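# Architecture and fold: a report
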Amino acid sequence: MQRRRIAFILSCLAMALPLGAAAQSAPAAGQGYPNKPIRVIVPFAAGSTTDIIARAITDKMGQSMGQQLVVENRAGASGTIGQAAVAQAAPDGYTIMVHSSSHTVSPHTFAKLPFDTEKDFVGVTPISSTPNVLVVSPGKNWKTLQDLLAFGRANPGKLFFASAGQGSATHLNAEKFKLAARLDATNVPFKGSAEAVTEVIAGRVDYYFSPIAPVIGQIRSNQLVPLAVGSPKRAAALPNVPTTAEAGVPGSEFNFWIGMMAPGKTPREIVNRLQAEVVKALNTPEVKERFNTLGADAWTLSPEQFDAYIQAEIRSNAQLVKAANLEVQR
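In this report, we go over the structure that sits alongside the text. All figures in this text were calculated on a predicted structure; none of them were measured in a lab. Residue numbers here run from 1 along each chain, matching the order of that chain's written sequence. Restriction of local features to residues with pLDDT of at least 70 applies here, the model being predicted, together with a cutoff of 80 or more for giving and counting side-chain atom pairs; totals for whole chains, interfaces and linings are based on all residues. Values reported for side chains reflect all heavy atoms of the structure, with hydrogen atoms and water molecules removed beforehand.

### Regarding the nonpolar core
Of all hydrophobic cores here, the largest spans 43 residues; its most connected members are Ile57, Met61, Val98, Ile127, Met260, Leu274 and Phe291. The numbering of helices and of strands both runs from the N terminus, where a helix is a DSSP run of H or I of at least 4 residues and a strand a run of E of at least 2. Considering every element that reaches this core, the biggest residue donor is helix α2 (residues 49–65), with 7 residues. What makes a nonpolar core is a set of buried Ala, Val, Leu, Ile, Met, Phe, Trp, Tyr and Cys residues whose side-chain atoms join them at distances within 4.5 Å. Relative accessibility decides the category of a residue: with a 1.4 Å probe and only protein chains considered, values under 20% of the type maximum give buried, values over 50% give exposed, and everything between is partly exposed.

### Description of the sheet that holds strand β6 (residues 159–163)
Strand order in this open sheet of 5 strands is β7-β6-β8-β5-β9, and the pairing throughout is mixed. Of all the strands in the sheet, just β7 (185–189) and β9 (225–229) have a single pairing partner and so form its edges. The average undirected angle you get between the axes of adjacent strands in this sheet is 30 degrees. Note: strand β5 (residues 132–136) against strand β8 (residues 207–211), 4 bridges, orientation antiparallel. Pairing between strands requires that DSSP locate at least two bridges from one strand to the other. For helices, the fitted axis covers only the stretch in contact; all axes are lines through C-alpha atoms, and the angles between them, taken along N-to-C directions, range from 0 to 180 degrees.

### Comments concerning the packing of aromatic side chains
Here a pair means two rings of Phe, Tyr or Trp (six-membered ring of Trp) with centres within 6.5 Å. Their orientation is stacked below 30 degrees between planes, edge-to-face above 60, and tilted elsewhere. Throughout the structure, instances matching the rule amount to 10 aromatic pairs. Measuring from centroid to centroid gives 6.4 Å for Tyr207 and Phe209, while their planes differ by 80 degrees, and the two rings are edge-to-face. By the burial criterion, Tyr207 is buried, and Phe209 matches it. Counting every residue linked through ring pairs, the aromatic cluster contains Phe161, Phe177, Tyr207 and Phe209. Lysine and arginine charges are scored as sitting over a ring when NZ or CZ, respectively, is within 6 Å of the ring centre and within 35 degrees of the ring normal. The lysine or arginine in question, Lys36, covers the ring of Tyr94, its NZ or CZ lying 4.7 Å from the ring centre.

### Let's talk about the packing of helix α6 (residues 169–181) against helix α11 (residues 303–323)
As a packed pair, α6 and α11 sit with axes 10 Å apart at the nearest point and diverge in direction by 60 degrees. Here α6 lies oblique to α11, going by the angle between them. Here α6 and α11 pass one another in a crossing that is left-handed. Here α6 contributes Leu172, Lys176 and Leu179 to the contact with α11, which in turn contributes Leu320, Val321 and Ala323. Residue classes follow a fixed rule: Ala, Val, Leu, Ile, Met, Phe, Trp, Tyr, Cys and Pro count as nonpolar, while Asp, Glu, Lys and Arg count as charged, and any other residue, Gly among them, counts as polar. Considered class by class, the residues forming the contact of α6 with α11 number 5 nonpolar, no polar and 1 charged. Angles are sorted into four bins: roughly parallel if under 35 degrees, roughly antiparallel if over 145, roughly perpendicular if 65 to 115, and oblique for all others. Left-handed is the label given to a crossing in which the near helix is rotated counterclockwise from the far helix by less than a right angle, and right-handed is the label when the rotation is clockwise. Contact definition: two residues touch when any of their heavy atoms are within 4.5 Å.

### Some remarks on the pattern of salt bridges
Put simply, a salt bridge is a Lys or Arg side-chain nitrogen that is within 4 Å of an Asp or Glu carboxyl oxygen. By the definition in use, this model includes 12 salt bridges. Lys178 serves as the salt-bridge partner of Glu175, at 3.9 Å between the closest nitrogen and oxygen. In this pair, Glu175 and Lys178 are both assigned in helix α6, 3 residues apart and thus about one turn of the helix distant. Comparing Glu175 with Lys178, the two get one shared label, buried. Here Arg204 ties to Glu199 by a salt bridge, and the two come within 2.7 Å at their closest N and O atoms. The exposed category is assigned to Arg204, whose relative accessible area is 55%. Three or more residues joined by partner-sharing salt bridges are found here, namely Arg39, Glu72 and Arg74.

### Remarks on the environment of Gly165
Along the chain, the position of Gly165 falls in the loop between β6 and α6. C-alpha of Gly165 to C-alpha of Asp206: the two residues are 41 residues apart in sequence and 16 Å apart in space.

### Structural notes on the side chain of Thr243
Within the element layout of this structure, Thr243 appears in the loop between β9 and β10 (257–263). Look at Thr243 and you get buried, because its relative accessible area is 3%. The contacts of Thr243, once residues within four sequence positions are left out, are Ala228, Val229, Ser231, Pro232, Lys233 and Arg234.

Structure, rendered in structure tokens:
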């Protein structure tokens with residue numbers, strides 16, 4: 001009886017050994033990653049600030065990682081079409097997203113979304129903090145922000161501002177400014193920055209809180225007049241342009257950021273690798289020079305810090321959307 005018992009135990013151990021060896025030799029999540037091209041979804045049109053920033057770093061990341069990062073523009077519905085594509089993608093590191101502050105706005109401006117903004121995405125890192133600049137046509141003859149405010153207060157309901165879509169970061173920046181300035185102005189949403197800038201230059205829309213990148217050329221060629229930046233501090237690219245607070249509208253500051261995210265269940269090893277590659281790309285001379293030209297400030301956090309930042313901003317934007325009485329899209 002004892003011999004049978006010993007034989008049974010030995011046979012069980014013999015069967016278990018291959019399994020244990022297999023477990024020890026199984027590759028950790030992310031080992032060998034990447035071994036094929038990575039799709040980078042940008043939920044805005046080509047030429048938008050988010051797109052420009054994404055392309056500025058993905059080439060360098062691809063060189064370092066040994067695989068191509070392919071930018072795919074999936075514009076529409078204030079970025080939610082692209083967000084949905086990423087939320088539904090396999091969490092294997094081969095589909096990632098470069099998005100903007102709009103990511104934390106859409107939960108409050110859409111009655112129903114095909115994804116959960118907090119659960120279906122994991123933050124990799126912010127990439128840049130890019131100040132918005134309030135620009136107007138020279139034909140308006142507004143030299144300062146106070147000139148615009150004087151016109152708006154003398155002509156209630158006759159000011160119109162552009163945005164790159166309902167609920168976009170450019171829209172929220174303008175709404176925060178409007179609330180702080182107690183201004184009566186109406187949003188005119190466009191599909192992206194390019195259309196918004198065209199209409200402001202033509203004078204058909206009065207002003208636009210644009211990211212610096214799409215308008216720096218027109219500012220330098222005097223096609224647009226910068227009255228103020230919406231950020232907490234002055235922009236390095238426009239050092240002589242005051243902040244909206246400095247120009248007389250305290251409480252109007254808005255941080256416009258662009259960052260990288262991945263599907264929610266992406267393995268932590270892959271998320272950490274992507275974060276490290278972004279940091280590496282931002283430290284190259286070529287990307288530093290590109291950001292300087294764009295008026296963008298490099299900004300990174302750990303994935304855990306970025307997730308916490310996103311969650312906090314979702315809460316604060318809920319209050320802003322409510323205070324601005326923004327229409328919820330159904």
